[in-house]
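The primary structure of each chain is shown beneath.
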6 protein chains.
Amino acid sequence: MKLCKNVFTFIGFDNEYEESDIVVFGSPFDGTTSFRPGTRFAPSIMRNESYGLETYSPYLDRDLEEVKVFDAGDLEFPFGNTEKVLNMIEKFTKDIIKDDKIPVMIGGEHLVTLPAVRAVYDKYKELYVIHFDAHTDLREDYLGEKLSHASVIRRVWDFVGDKRIYQFGIRSGEKYEFDWANEHTILNKFNCNGIEEAIKEIGDKPVYVTIDLDILDPSIFPGTGTIEPGGISFNDMMEAIRKIKVLNIVGADVVELSPHYDASGTSTAVACKVLRELVLAI
Amino acid sequence: MKLCKNVFTFIGFDNEYEESDIVVFGSPFDGTTSFRPGTRFAPSIMRNESYGLETYSPYLDRDLEEVKVFDAGDLEFPFGNTEKVLNMIEKFTKDIIKDDKIPVMIGGEHLVTLPAVRAVYDKYKELYVIHFDAHTDLREDYLGEKLSHASVIRRVWDFVGDKRIYQFGIRSGEKYEFDWANEHTILNKFNCNGIEEAIKEIGDKPVYVTIDLDILDPSIFPGTGTIEPGGISFNDMMEAIRKIKVLNIVGADVVELSPHYDASGTSTAVACKVLRELVLAI
Amino acid sequence: MKLCKNVFTFIGFDNEYEESDIVVFGSPFDGTTSFRPGTRFAPSIMRNESYGLETYSPYLDRDLEEVKVFDAGDLEFPFGNTEKVLNMIEKFTKDIIKDDKIPVMIGGEHLVTLPAVRAVYDKYKELYVIHFDAHTDLREDYLGEKLSHASVIRRVWDFVGDKRIYQFGIRSGEKYEFDWANEHTILNKFNCNGIEEAIKEIGDKPVYVTIDLDILDPSIFPGTGTIEPGGISFNDMMEAIRKIKVLNIVGADVVELSPHYDASGTSTAVACKVLRELVLAI
Amino acid sequence: MKLCKNVFTFIGFDNEYEESDIVVFGSPFDGTTSFRPGTRFAPSIMRNESYGLETYSPYLDRDLEEVKVFDAGDLEFPFGNTEKVLNMIEKFTKDIIKDDKIPVMIGGEHLVTLPAVRAVYDKYKELYVIHFDAHTDLREDYLGEKLSHASVIRRVWDFVGDKRIYQFGIRSGEKYEFDWANEHTILNKFNCNGIEEAIKEIGDKPVYVTIDLDILDPSIFPGTGTIEPGGISFNDMMEAIRKIKVLNIVGADVVELSPHYDASGTSTAVACKVLRELVLAI
Amino acid sequence: MKLCKNVFTFIGFDNEYEESDIVVFGSPFDGTTSFRPGTRFAPSIMRNESYGLETYSPYLDRDLEEVKVFDAGDLEFPFGNTEKVLNMIEKFTKDIIKDDKIPVMIGGEHLVTLPAVRAVYDKYKELYVIHFDAHTDLREDYLGEKLSHASVIRRVWDFVGDKRIYQFGIRSGEKYEFDWANEHTILNKFNCNGIEEAIKEIGDKPVYVTIDLDILDPSIFPGTGTIEPGGISFNDMMEAIRKIKVLNIVGADVVELSPHYDASGTSTAVACKVLRELVLAI
Amino acid sequence: MKLCKNVFTFIGFDNEYEESDIVVFGSPFDGTTSFRPGTRFAPSIMRNESYGLETYSPYLDRDLEEVKVFDAGDLEFPFGNTEKVLNMIEKFTKDIIKDDKIPVMIGGEHLVTLPAVRAVYDKYKELYVIHFDAHTDLREDYLGEKLSHASVIRRVWDFVGDKRIYQFGIRSGEKYEFDWANEHTILNKFNCNGIEEAIKEIGDKPVYVTIDLDILDPSIFPGTGTIEPGGISFNDMMEAIRKIKVLNIVGADVVELSPHYDASGTSTAVACKVLRELVLAI
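Just so we're clear, the structure is a prediction, and the values are computed from it rather than from any experiment. The numbering scheme is per chain: residues are counted from 1 as the chain's sequence reads. The lettering of chains begins at A and the numbering of ligands begins at 1, in the order of writing. This being a predicted model, a pLDDT of at least 70 is required before a residue's local features are given, and a value of 80 or more before pairs of side-chain atoms are given or counted; all residues contribute to the totals for chains, interfaces and linings. Note that water and hydrogens are dropped before the side-chain values are worked out from all heavy atoms of the structure.

## Focus on the overall build of chain A
1) Next: Each helix and strand in chain A was counted, giving eight helices and 10 strands.
2) Next: In this setup the radius of gyration rests on C-alpha atoms only. A globule is expected at 2.2 Å times the number of residues raised to 0.38. At 17 Å, chain A has a C-alpha radius of gyration in line with the 19 Å of a compact globule built from 282 residues.
3) Next: Accessible area is worked out with a 1.4 Å probe on protein chains only. A residue is then buried under 20% of its type maximum, exposed over 50%, and partly exposed in between. Residue burial in chain A is summarised as follows: out of 282 residues, 71% are buried.
4) Next: Whether two residues touch is decided by their heavy atoms; if any such pair falls within 4.5 Å, the residues are in contact. Counting contacts in chain A only where the partners sit at least 6 residues apart, residues at least 24 apart contribute 76% of the total.
5) Next: Counting every atom, chain A has about 8,800 Å² of accessible surface; 46% of that belongs to carbon and sulfur. The helix count covers DSSP runs of H or I at least four residues long, the strand count covers runs of E at least two residues long, and both are numbered beginning at the N terminus. Residue exposure ignores everything except the shown protein chains as possible cover, and the areas themselves are Shrake-Rupley values with a 1.4 Å probe.

Written as structure tokens, this is what we have:
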């Protein structure tokens, strides 16, 4: 009998690295999470639960069999050393880009977006960022720390600059963050209504899409660190992804699933479907 | 002192068999469930939790006291023998029909619908089927098995034939199932918008109504085997039931509650209310 | 080193009693709960989880730092003695009112509203009551008990009288309760559509606002005693609170969170935000 | 077809009232519970889960088929009225005794033991009480209330008197309770070591056995109101029951299972087996 | 960059098939489970959670690095067809044995042991079976079905014959099963006391070891289908494995973990350690 | 009316700072946790649940009213910056010691022990350490990080030196850690048998006691990061604490409760009782 080692990938992401256009990988880091940790478990649980999914999307009328995706598994991080973790992500993302593939990262907490965007920006200086989230993430620092999930978009702004970041679904933050956003980003409170305008303005410029899943209402996505009722519905999310399909997406991530806080498995199922649709939309 | 044995029925279903128009019974079978089993627990937990329910429906302005319903308890099945289970359900349903009563079954997984429809079809050859579900359930087979929860509606089609099955809320399946449906059933993607047209077309022909509760969004119904975000709301479900009230319903079922996956009890409460409204609508 | 004892208040409610306009306190009583108890845990768990909240509300564009609120902690009740508990609440509420402060109570089950309204009514004889709830709470008695969470609004009616109580979101009750409401209260089934009319009719008269959180759909608020699908959304609730801001609110409460039934923490997060918005609206 | 209403009894307790020697009934009351309520759910969940049990006990080498037991279901209580509840239990227990049957009650919280013992004592003035528990339950009052789960054995002492109560497994209480026990009861700290001596002393006098299941270590019985690590093992419990088999037991109860706090179902399975063994031992 | 597909094996089982002495594989079948299903999830969750384990055992003072183990992943079964599943297991096990490797199977429910023992017996006609379990599993049939988890050892007896099966830890079953065991197997009630005698009697004959994890007390192993308090401790299990190390083990399995019923993860951690020790003992 | 802000301390720890002999404080840090995070929630949940506790210990026959303890609440840490957190703990502990009080810390993960011991060592150069744990915690580094919960005792050894650390209950680690311990610490595998000898050897020298609660068996303490079956019982723990009462304890901690992983509350109840006994033993 001939047998190979047990391979474990997200459903439908079963191409070899060399032949793939998209490279999916997990960044199981939750070191700066301020409320409920546990996003470190998201990538492996999403792989596991993805077997409840179909590869065909009736939303986009497209099948994962039509795209070439490689699942690289998870990066292995040292615990308690934030800077080293961010460097590892940045280096890995750069390697993917160097091979002319599109990185799609599964978080982890939102801070992992920083090195991934930096790696993409390194190649695409005109980069725009589309940011789905419940929170502004625009703090200058959080309890003195500049590298925090609560200031990640502020850190991204440090290099992409003014009016390059479109924020959607925002419904929580300090007053000064909302005020700051007025001058430096394009912030949409509560929903994704401004998305068509954003698409028009961005045109064919390179775009990084970061989806903090807590943009979704906790009725459909309770499994996250900080629960913010009043979010968008799953169908709103599908609609938004369907729309950004026309953009020139050069990198993306899906972050902030903390699966242990939703024993029903709904949050993980939602995260899996958002990832499937995002990959089909690229 | 005179005391009788403890009787345990769904709230308001407390008539004797002889005097009842509707006979409710449980089919606690989940033998072909491919993802998360546990629908076997649904009927008894629904009976238990039904005591949190009122017998009066403000949706239909009707009370369970106005209808005659008998609760027969659960059928007792051998485990691991799918065919024997289906035969038991078919025989029991036929006996109910023979006594000129309307069978309303509580699943169990969706495959239990097959023998129940067959029993009803045995009497009503012009039978139509209204099918609420997240999934097409139209596979020719599932991993080689023709008798599967994923192919139950295909098996029903085997005898009721083309254009007799109206499907609502469908949002998951393989591409070929959607294509097949185009020719053989009337399939409504995502919602129940086509229900009024269906009602017009069916007229006063006999109808079997099967409600796979996973048609509901997992925000309100996470307690099921395969979670599919993007479903209809509870109010959409109430609305649909209110509308089909005018039809000549000769059999019905409510399936796919897997109560252990929703520790909050919401899914069970939803299933109980759907059952109450369905019975009031018949 | 100089250290003070650990103080524990709801986030942002950190003023001293003397300087405050609003006094928040917990009434951890669930003695007449008929289905699932546990609302006794609500006030302390809400305090604990409130640290996941921002003090700034983007809904009202207002910050808790702009209002003076004192958190008195929880009243300590004898277990099993309903009348003594109600007397303690009434006395404590009267003391707050005597000091010209507005009482805002965290339940506990809904029966705690009775003594609080009575205390407020003692001063404001023209009192109106705005009642958000899934249930009518208008039973004459419940299994023989006149003091019950299921008859609390009927007991309030005993002294405020006809057409002083506006009920919103009601979707469960016995038929006779709905009939009774037609003559004695202003009842809005299922939603809050009639709220603007209510506001117009009440004008600048004193109002007590009682929010039974089970008015919310269990998709967003499963952590409660009796689950009633078909409720209003969180955004509907925010909208209603935004509207009643113009009223002359002289007392309020938020009741019926039973946090242990929602392990995800969503229900508690919802309750916290409703309380924050309510306090900001007064 | 002829069908009877669905009957629901604890497994093996399926005799008619008239022919039975033992009458089991549920007292789903938890009104004075000071910490975590929920014992009200115990009797019905125990009935439900008893179907995982065998009727044969390898501990006692006896089968439930050899004894005649009737399961009367649960008493239906008004919520919030402690005295009325206690009166209902006392009356019902007296009726059973009048028919020369042995009452075995399923709680509910421990206070339900008071009226049951009183009813038994009414016939047997020489009554002894065997009390398995983690707590002394000897408070004069609890926050001013004399009728409390924390003072139930003190209230029993009020009429059975000194040195009639044997307490086992006690490991929690106020200092004064332990001191008081030294004079008025026979208290065994931590374990059941003194049980053989107790049996000798009691001889053939009538005995009431009350088992507060929190005598068991929370490793095997976490589903209870107040968790006290350091309890006896399940095998210790079996051993104790095996020993008291020789006594003249004229009444018994099993109380303080709060099933919702143990999602694994272990606590309920333990309670079921304790009840089975207790009934087989009578 | 060169990257391989994500490989997923139980910790330390990372050899290639050809070089390995032991082949581990999962049989995720729970089709005849009579009470709580879910053992189908055991193998993949055990792989996932094994990363909390060390490869070194202080019990045996041995490291997984010293043994050559291959993890073949899980067999993929059709749902609802018991016979086909058993045939697949038997064929796969025979193939492993043909390659002179020792099969170690992860269940699934206990019925999966039947085809595995049959495959081993096909080569070793003098086979003995060591059976750790809470249940006798000696029913002639279960609700008419001969192929059932409750009759698996009886089916094994059908071909290995009298006095070849040593049973340990048994504490549940019907009376007739215990009686039958007296004549046909060597049954140890409640514990593993007779294990040294068994080892002496078996000598160097080939042995199949089947560990139904419900032999363990539910305090340490609640995550299983049918909970039986009164089981052996984890240290008893370690001791038993340490002792059988001297035997000529030619096949083994670990079955009946149903991980979803123990949200704390303890049961899965226990199963992982039992598997590690068992493999180190072979 | 005069009212003070709501004060929230562990039960019985209600003295003022100045008058107290013992100062309890929480270090809610879990930044280097390698498996399941969440120990950050331990101190506040322990305060909350401590109200289910009596202040009297029948184990030590002593009451918390007899000792003077101050509860300082929790330190507030920056997230993601391990070094800054450790410095804050060290400084705070030194301040307590400077005021001639004994620090008792509630973790958090085990790494918080390092700065606390360092602060104590700063004053007591002859310090001994008693270390209760399932794990050796003697790694030179963990994935490259020297500051890790898995190397904390190794880091303590760096300054206290050879044969000053007594380890009890150890049952998990890499082989080289056990070997290293042979030369540098006094390691007791699996249990606390050597504790009396340790007490004799230490005599009246100053001792720091660190209790990693995962020394307890997961049957009684599943709520922790890495589950290791085969631990000591709660009564073993009580016995050990009773014995070390004679030592000159100058600092102590209780760490590694991760309360969210044990929904039953048992682990938290255990942690509370261990803390109560430890404080009574000092």
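The structure having been displayed, the exposition proceeds.
## Section: the UniProt feature "binding site: Mn(2+)" (unreviewed entry) in chain A
Residue and element names in this part refer to chain A.
1) Next: UniProt positions are given in the numbering used here, feature names are shortened, and annotations may be inferred rather than shown by experiment. Here, the residues flagged by UniProt with the feature "binding site: Mn(2+)" (unreviewed entry) are His110, Asp133, His135, Asp137, Asp212 and Asp214. Across 105 residues in sequence, these annotated residues keep their C-alpha atoms within 12.1 Å of one another, forming a single compact spot.
2) Next: Structurally, the position occupied by Asp133 is in the loop between strand S6 (128–132) and helix H4 (152–160).
3) Next: Those residues in contact with Asp133, other than ones at most four positions away along the chain, are His110, Phe168, Gly169, Ile170, Asp212, Asp214 and Ile215.

## Some words on the sheet that holds strand S4 (residues 69–74) of chain E
All names here are of chain E.
1) Next: Two strands make a pair as long as DSSP finds a minimum of two bridges between them. Pairing within the open sheet is parallel, and its eight strands lie in the order S4-S1-S5-S10-S9-S6-S7-S8. The two strands at the open ends of the sheet, each matched to only one other strand, are S4 and strand S8 (186–189). Direction aside, neighbouring strands of the sheet carry axes that sit 15 degrees apart on average.
2) Next: Pairing analysis gives three bridges linking strand S5 (residues 102–107) to strand S10 (residues 248–255), with the strands arranged parallel. Residue pairing in the sheet places Val104 in a bridge with Ala252 of S10.
3) Next: Fitting a line to C-alpha atoms yields each axis, with helices limited to the stretch in contact; the angle taken between N-to-C directions then spans 0 to 180 degrees. Packed on one face of the sheet, helix H4 (residues 152–160) meets strand S6 (128–132) and strand S7 (165–170) and runs near 160 degrees to S7.

## Side note on helix H2 (residues 82–98) of chain F
Residue and element names in this part refer to chain F.
1) Next: Taking 1.5 Å of rise per residue, 17 residues should cover 24 Å, and H2 covers 25 Å from first to last C-alpha, within 8% of that figure.
2) Next: For H2, the full list of buried residues reads Thr82, Val85, Leu86, Ile89, Glu90, Phe92, Thr93, Asp95, Ile96 and Ile97.
3) Next: Close packing links the buried residues of H2 with strand S1 (22–27), strand S4 (69–74), strand S5 (102–107) and helix H3 (113–123).
4) Next: A positive phi of about 60 degrees marks Asp100, the residue just after H2. An expected span of 1.5 Å times one less than the residue number is assigned to each helix.

## Digging into the packing of aromatic side chains
1) Next: Ring pairs are drawn from Phe, Tyr and Trp, using the six-membered ring of Trp, whenever the two centres fall within 6.5 Å, and their geometry is named by plane angle: stacked under 30 degrees, edge-to-face over 60, tilted for the rest. In the structure shown here, the tally under the stated rule is 75 aromatic pairs over all chains.
2) Next: For the ring pair C:Tyr17 and C:Phe70, a centre distance of 5.4 Å and an interplane angle of 75 degrees mean the geometry is edge-to-face. Of this pair, C:Tyr17 sits in the segment before strand S1 (22–27) while C:Phe70 sits in strand S4 (residues 69–74), placing them 53 residues apart in sequence. Neither residue differs from the other here; C:Tyr17 and C:Phe70 are each classed as buried.
3) Next: Taken together, the ring pairs in this structure connect A:Tyr59, A:Phe234 and B:Phe190 into an aromatic cluster.
4) Next: Across from the ring centre of C:Tyr17, 5.1 Å away, lies the NZ or CZ of C:Lys101, which sits over that ring. Lysine and arginine charges are scored as sitting over a ring when NZ or CZ, respectively, is within 6 Å of the ring centre and within 35 degrees of the ring normal.

## What to know about the interface of chain F and chain A
Often the size quoted for an interface is simply the accessible area lost on bringing the parts together.
1) Next: The partner chain A presents 25 residues to the 25 residues of chain F that form the contact.
2) Next: Accessible-area loss on putting two parts together, using a 1.4 Å probe and summing over both, is the definition of buried area adopted here. With both sides pooled, the region where chain F packs onto chain A buries about 1,800 Å², and carbon together with sulfur makes up 51% of that total.
3) Next: For this document, the term salt bridge refers to a Lys or Arg side-chain nitrogen within 4 Å of an Asp or Glu carboxyl oxygen. Our count for the contact surface shared by chain F and chain A stands at two salt bridges.
4) Next: For the salt bridge of F:Glu145 with A:Lys84, the shortest nitrogen-to-oxygen distance reads 2.8 Å.
5) Next: Whenever a nitrogen or oxygen atom comes within 3.5 Å of another N or O atom, the pair is scored as a polar contact, on the condition that within protein one atom can donate a hydrogen and the other can accept it, and that pairs from neighbouring residues in sequence are kept only if both atoms are in side chains. Scanning the region where chain F abuts chain A turns up 14 residue pairs in polar contact (both at pLDDT 80 or more).
6) Next: In terms of residue class, the side of chain F that touches chain A is built from nine nonpolar, 10 polar and six charged. Under the scheme applied here, ten amino acids are nonpolar (Ala, Val, Leu, Ile, Met, Phe, Trp, Tyr, Cys and Pro), four are charged (Asp, Glu, Lys and Arg), and all others, including Gly, are polar.

## Brief notes about the arrangement of the chains
1) Next: Nowhere do chain C and chain E come into contact; their C-alpha atoms are at least 12 Å apart.
2) Next: Between chain B and chain F there is no contact, and the shortest C-alpha to C-alpha separation is 12 Å.

## As for the environment of C:Trp180
Residue and element names in this part refer to chain C.
1) Next: Tracing the chain through its elements places Trp180 in helix H5 (residues 175–184).
2) Next: With relative accessibility at 13%, the residue Trp180 sits in the buried group.
3) Next: Sequence spacing of Trp180 and Gly161 is 19 residues, and the spatial spacing of their C-alpha atoms is 13 Å.
4) Next: The residues touching Trp180, leaving out its near neighbours within four places in the chain, are Leu138, Arg154, Trp157 and Thr185.

## Side note on the relation of the copies chain F and chain A
1) Next: All copies are superposed by least squares; the fitting set is the C-alpha atoms of residues with a pLDDT of at least 70 in both. The two copies are related by a screw operation: chain F maps onto chain A through 180 degrees of rotation and 0.0 Å of translation along the axis, at an RMSD of 0.0 Å. The two molecules are tied by a two-fold rotation axis, judged by turn and shift. Minimal C-alpha distance to the rotation axis in chain F is attained by F:Gly31, lying at 2.9 Å.
2) Next: Counting the interface residues of chain F, we find that 100% of their copies in chain A are interface residues as well, pointing to one common contact surface.

## Considerations on the interface of chain C and chain A
1) Next: Chain C puts 18 residues into the contact, and the matching count from chain A is 21 residues.
2) Next: Both faces combined, the contact of chain C with chain A buries some 1,700 Å², and carbon together with sulfur accounts for 57% of it.
3) Next: Counting the surface chain C buries against chain A, the share from its top three residues, C:Glu54, C:Tyr56 and C:Pro58, is 32%.
4) Next: Linking chain C with chain A are three salt bridges.
5) Next: Put simply, the parts of the chain that give the side of chain C that touches chain A at least two residues each are helix H7 (234–244) and helix H8 (266–281) of chain C.
6) Next: Top contributing element to the side of chain C that touches chain A by residue count: H8(C), with four residues.
7) Next: Classifying every residue of the side of chain C that touches chain A by side-chain character gives eight nonpolar, six polar and four charged.

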